[in-house]
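Structural features, examined
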Amino acid sequence: MIGLGTIVNVGTVLIGTTIGILLKNGLPKRFEKTVMQGLGLTTCFIGIGGTLSEVLTIQNGEIGTQHTMLLILCLALGAVIGEALNIEQRLEDFGAFCQSHFAAKGDSRFVEGFVTASLLFCVGAMAIVGALNDGLNGDPTMLIAKAILDGVASILFAASLGKGVYLSIVPIFFYQGGITLMARFIRPWLTDVLIGQMSCVGSVLIFAISLNLIFNSKLRVGNLLPAIFLPVLFFFLARFFPALATL
């Protein structure tokens, strides 16, 4: 069944968030900071690992790098596009709208829970590659593995940030589901190298999310989201300007 992976992913986040909410009611406030920092450290290593796996190369026993200029250009241009569209603010506005209609009074971290969980669940390599596998081959294995990880993460997020994590199922459903539905149309243009480049940019954004979690900082990761898809643009431009293929 095509789309099963996304359905399972939505289900595990719902279950995990519910468990997290129940835990939140029984945890002292002093636990929240440590829980978020622990999740941040885990997220940090996921981001670093994903980035290094695509950037580092080993040939004849020597370590080299690849795609570094592409990474820089994608993040720079992605930031310009994201700021112009003000993606993060739009996410926060949507979260605030839902908070005003559905959240209980006093749930001050509702929007933060929605935005943080949505970004983490959607920007990773597994979301892109897993959705493609589901749409092309009817193979939801990678998305089901991601669903388990997201379910565990949603427990921790909800235990610290509250019910806003529930709302993250909306971008998961439309983002992953959209890629799954479009997979048959876009797969002829998505080479393994291109998918790896997109995953690399996504891993950098995961690392940025981890900094927000650990240090309670405010990197505008949402406004960097367009960077994930810019390798596709450079891929097509390289057909007319071959020098871009070496980035």
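Residues numbered from 1 in each chain as written. Predicted model: local features only at pLDDT ≥ 70, side-chain atom pairs only at ≥ 80, totals over all residues. Heavy atoms only, no water.

**Here we look at the packing of helix α5 (residues 110-123) against helix α9 (residues 192-215)**
Between α5 and α9, whose axes approach to 9 Å, the crossing angle comes to 155°. As the angle between them shows, α5 and α9 are arranged roughly antiparallel. Of the two possible hands of crossing, α5 and α9 adopt the one that is left-handed. Where α5 approaches α9, its residues Thr116, Leu119, Leu120 and Val123 are matched on the opposing element by Gly202, Leu205, Ile206, Ile209 and Leu213. (Axes fitted to C-alpha atoms, helices over the stretch in contact; angles between N-to-C directions. Helix = DSSP H or I, 4+ residues; strand = E, 2+ residues; numbered from the N terminus. Parallel < 35°, antiparallel > 145°, perpendicular 65-115°, else oblique. Left-handed = near helix turned anticlockwise from the far one by under 90°. Contact = heavy atoms within 4.5 Å.)

**Examining the nonpolar core**
In terms of nonpolar packing, the biggest core is built from 54 residues, with Cys74, Phe121, Leu132, Phe157 and Ile209 touching the most fellow members. The element contributing the most residues to this core is α9, with eleven residues. Each residue touching Cys74, except ones within four places of it in the same chain, is listed here: Val201, Ala227, Leu230, Pro231 and Phe234. (Core = buried A, V, L, I, M, F, W, Y, C linked by side-chain atoms within 4.5 Å. Buried < 20%, exposed > 50% of the residue type's maximum accessible area, 1.4 Å probe, protein only.)

**Observations regarding the environment of Ala84**
Within the secondary structure layout, Ala84 lies in helix α3 (residues 68-85). Residue Ala84 is classed as exposed on the basis of its relative accessible area, which comes to 67%. In the structure, Ala84 is positioned 139 residues away from Asn223 in sequence and 8.6 Å away in space, judged by C-alpha atoms.

**What about the pattern of salt bridges?**
Per the counting criterion, the structure on display carries five salt bridges. Here Glu88 ties to Lys218 by a salt bridge, and the two come within 3.1 Å at their closest N and O atoms. In this pair, Glu88 is assigned in helix α4 (residues 87-102) and Lys218 in the loop between α9 and α10 (230-237), connecting sequence segments 130 residues apart. Taking the relative accessible area as the measure of exposure, Lys218 reaches 54% and is therefore exposed. Lys146 is the salt-bridge partner of Asp150, the closest N and O atoms lying 2.5 Å from each other. (Salt bridge = Lys/Arg side-chain N within 4 Å of Asp/Glu carboxyl O.)

**Description of the pairing of strand β2 (residues 62-65)**
Pairing between strand β1 (residues 56-59) and β2: four bridges, direction antiparallel. The partner of Thr57 across the bridge, within β2, is Gly64. Between β1 and β2, which pair antiparallel in sequence order, lie two residues; one of them, Asn60, sits at a positive phi of approximately 55°. (Pairing = 2+ DSSP bridges.)

**Re the packing of aromatic side chains**
Scanning the model with the defined rule gives five aromatic pairs in all. Measuring from ring centre to ring centre gives 5.3 Å for Phe173 and Phe174, while their planes differ by 90°; the resulting arrangement is edge-to-face. A ring pair is formed by Tyr175 and Phe229, whose centres lie 6.4 Å apart and whose planes are at 70°; its orientation type is edge-to-face. Here Tyr175 is found in helix α8 (residues 169-186), whereas its partner Phe229 is found in the loop between α9 and α10, with 54 residues between them in sequence. (Phe/Tyr/Trp six-rings, centres within 6.5 Å; stacked < 30°, edge-to-face > 60°.)

**Structural notes on α5**
For α5, with 14 residues, the first-to-last C-alpha span of 20 Å sits near the 20 Å given by 1.5 Å per residue. When you tally the buried positions in α5, you get 13 out of 14 residues, the bulk of the element. (Expected span 1.5 Å × (residues − 1).)

Shape is all these values report; function is a separate question.
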